[in-house]
Amino acid sequence: MSIYLNNSKIFPMQRLFPGKPAGLAITINLLFYVFHGIINFMISIVKGTKDILDAEQWQRIEQKALEIFSKYGYREIRTPVFEYTELFSRGVGDTTDIVNKEMYTFEINKHSLTLRPEGTAGVVRSYIENGMSRLSPPVKLWYKGPMFRYERPQAGRQRQFHQVGAELFGVKEAAADAEVILLAVNYLKSLGLNDLEVELNSLGCPDCRENYKKAIKTVLKQELKNLCADCQSRYEKNPLRLLDCKVDGAIFAKAEIQKVIQSDFICGECAAHFSEVKSYLDGFAVKYRRNKQLVRGLDYYNRTVFEIKSDSLGSQNAVCGGGRYDGLVGNLGGADAPAVGWAMGMERLNSLLAPLEPIKSDAYVISNSAADAFRLAEELRIQGLSVEIDLSGKKFTKQLEKASKAANFALIIGEDEMKAGTVSVKNLCTGVQTAVKRKDARWQILLKK
Ligand code: HAM
């Protein structure tokens, strides 16, 4: 006990009360910590948000997006993170959970604004506002950035999360749906995710969907009282959304209800569109599974909808979701234009990838002269190499220790090197060391691993 009491780092108040009995000293010190804690309490991160500390992996995800999207002719678009609330209530749909329960909405100067819960509505607004319908179709746009939904946080579900997404405008043909799905699959493959399954469905058009909605309502009427509160409120407003309820699965599994769900309700044109999408996907050997209960949580979809799922994501298993939304541009005030797209959750994507090894610098300059190390490092940085130096006057051996963790090569400028105008180049992987004349060294070649 006395060892601790004499340690003024742990018990800072001890200095003020030398020789006091241990119990009293501990109490005084604890009071110090409580009081200190109240004044200088730490401000923690907001629930449902996360700091991104593995930036290299995120940069890789973003670079691959740029690389793959460019191959398919997509251009990046950056829209604001907040928009007028009406954009989402009209766009995403005011019967959806997103609009009803999950939006971060605030009022400024009598304007109701909302932090975007998803990217599509903002991209559509920009497409209309910037006259992109006058461009020759297809207009292909991709985006990445933070989205905000006030959901109950859990693994794979945050209140601020990030999406990377792609939207294609101006083409109603099934080839566009297929290319958009292929883009998602190939993007995932480029990150080494080869075996994710695509779930596919067709919601038909607003006309054929009406009959389906009626049939669903009729068969569920008897069960209405047994359904969860969400399903009960959706029954009238948005009966299709009942189908992907996570609570009432057992009810929906009943044979007579499944018979309706599995029935082919879509009209001839929608069915032909859907089989064309599937035959394109077959042609490119994209594995997919028809899931007639896949209805998606946003109101703007018609015809093709899809999700890409992974079992290793747990209950929040969709890494990507999307589909066709031919009515949205018109609904948001533009001239009617067919459209199809998807978005992926970047946190979920990241959690499917193996962590990256921390990236090492090309070189670490070790010297007793900080100014000299600084000079050589700057020279090399100008030549395009990544170089670190010690900035806090550490001893030579400590610098070498740090170099072996942080860099591929150590560039040593000791007393001898200083006199001879040389630098010792040590390969930190093999241990091989050679001396080079500093003024004629070809660093780009020397520091190749
Ligand atoms: P979504 O299905 O709502 O679709 O979101 C797409 C993806 O974002 C999900 O599959 C999931 O990976 C991720 N995500 C959604 N919510 C969260 C959350 N709270 N935390 C972490 N990740 C989440 C859309 O947003 C549509 N705008 C997709 C689209 C684009 N449809 C057509 N074009």
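## So, the overall build of the chain
Counting its secondary structure elements, the chain contains 18 helices and 16 strands. In terms of overall dimensions, the chain has C-alpha extents of about 85 × 70 × 50 Å along its principal axes. A total of 449 residues make up the chain; the buried ones form 33% of that total. Contacts in the chain between residues far apart in sequence, at least 24 positions, make up 66% of those at least 6 positions apart.

## Some thoughts on the sheet that holds strand β4 (residues 111–115)
Pairing within the open sheet is antiparallel, and its 3 strands lie in the order β2-β4-β3. At either end of the open sheet lies a strand with only one pairing partner, and these are β2 (82–84) and β3 (104–108). Across the sheet, the mean angle from the axis of one strand to that of its neighbour is 35°, orientation sign disregarded. Judged from the 3 bridges that link them, β2 and β4 form a sheet pairing that is antiparallel. Bridging from a neighbouring strand, Tyr84 pairs with Leu113 of β4.

## Here we look at the sheet that holds strand β16 (residues 433–437)
Spatially, the 5 strands line up as an open sheet ordered β13-β12-β14-β15-β16, and their pairing is mixed. Since the sheet does not close on itself, it has two edges, and those belong to β13 (387–389) and β16, each with one partner. Averaged over neighbouring strand pairs, the angle between their axes works out to 30° when direction is ignored. Of the pairings in the sheet, the one linking strand β12 (residues 361–367) to β13 comprises 3 bridges and is parallel in character. Residue pairing for β13: Val365 is matched across the bridge by Ile389.

## Notes on helix α3 (residues 55–71)
For α3, built from 17 residues, the straight-helix expectation of 24 Å at 1.5 Å per residue is met to within 8% by its first-to-last C-alpha distance of 24 Å. Among all positions of α3, only Ile61, Ala65, Ile68 and Phe69 are buried. For α3, the angular spread of the buried residues around the axis is 95°, confining them to a single face. Exposed residues lying more than 90 degrees from the buried face of α3 are Ala55, Glu56, Gln59, Gln63, Glu67, Ser70 and Lys71. Those residues of α3 that are buried are in contact with β5 (139–148), β6 (160–169), α7 (174–190) and α14 (346–352). The first or second residue beyond α3 is Gly73, which carries a positive phi of 85°.

## Here we look at the pairing of β12
Counted residue by residue, β12 has 6 buried out of 7 residues, so it is predominantly covered. Here β12 pairs with strand β14 (residues 407–413) via 6 bridges, running parallel. Along β14, the bridge assignment pairs Ser367 with Ile413.

## Here's the deal with the pairing of β16
Looking along a regular strand, one sees the side chains alternate between the two faces of the sheet. The pairing of strand β15 (residues 422–427) with β16 spans 5 bridges and is classified as antiparallel. Bridging from a neighbouring strand, Lys426 pairs with Gln433 of β16.

## Notes on the domain arrangement of the chain
Accessible area lost upon the coming together of the parts serves often as the stated size of an interface. Under the domain assignment, the chain is made up of domain 1 (2–39), domain 2 (55–205 + 287–352) and domain 3 (361–446). Between the C-alpha centres of domain 2 and domain 3 there is a distance of 48 Å.

## Regarding the site of the ligand
Residues in contact with the ligand amount to 28 residues; listed here are only the nearest, Glu118, Phe161, Gly321, Gly341 and Gly345. Elements with a minimum of two residues in the shell around the ligand: β6, β10 (318–324), β11 (339–345) and α14. Ranked by residues supplied to the shell around the ligand, first place goes to β10 with 6 residues. Along the lines of polarity and charge, the residues of the shell around the ligand split into 9 nonpolar, 12 polar and 7 charged.

## What about helix α12 (residues 268–283)?
Under the 1.5 Å per step criterion, the end-to-end length of α12 is 22 Å for 16 residues, consistent within 8% with the ideal 22 Å. Taken together, the buried positions of α12 are Cys270, His273, Phe274, Val277 and Leu281. One side of α12 holds all its buried residues, which, seen down the axis, span an arc of 95°. Facing away from the buried side of α12, by more than 90 degrees, are the exposed residues Gly268, Ala272, Ser275, Ser279, Asp282 and Gly283. The secondary structure elements touched by the buried residues of α12 are α7, β7 (197–202), α8 (206–220), β8 (288–290) and β9 (302–309). Positive phi appears at Ala285, one or two residues downstream of α12, with a value of about 55°.

Quick notes on the rules
- Residues numbered from 1 in each chain as written.
- Predicted model: local features only at pLDDT ≥ 70, side-chain atom pairs only at ≥ 80, totals over all residues.
- Helix = DSSP H or I, 4+ residues; strand = E, 2+ residues; numbered from the N terminus.
- Buried ≥ 20, exposed ≤ 12 C-beta atoms within 10 Å, placed from the backbone.
- Contact = placed C-beta atoms within 7 Å.
- Pairing = 2+ DSSP bridges.
- Axes fitted to C-alpha atoms, helices over the stretch in contact; angles between N-to-C directions.
- Expected span 1.5 Å × (residues − 1).
- Arc of directions from axis to C-beta.
- Domains from an automatic or database assignment.
- Near = placed C-beta within 6 Å.
- Nonpolar A, V, L, I, M, F, W, Y, C, P; charged D, E, K, R; others polar.

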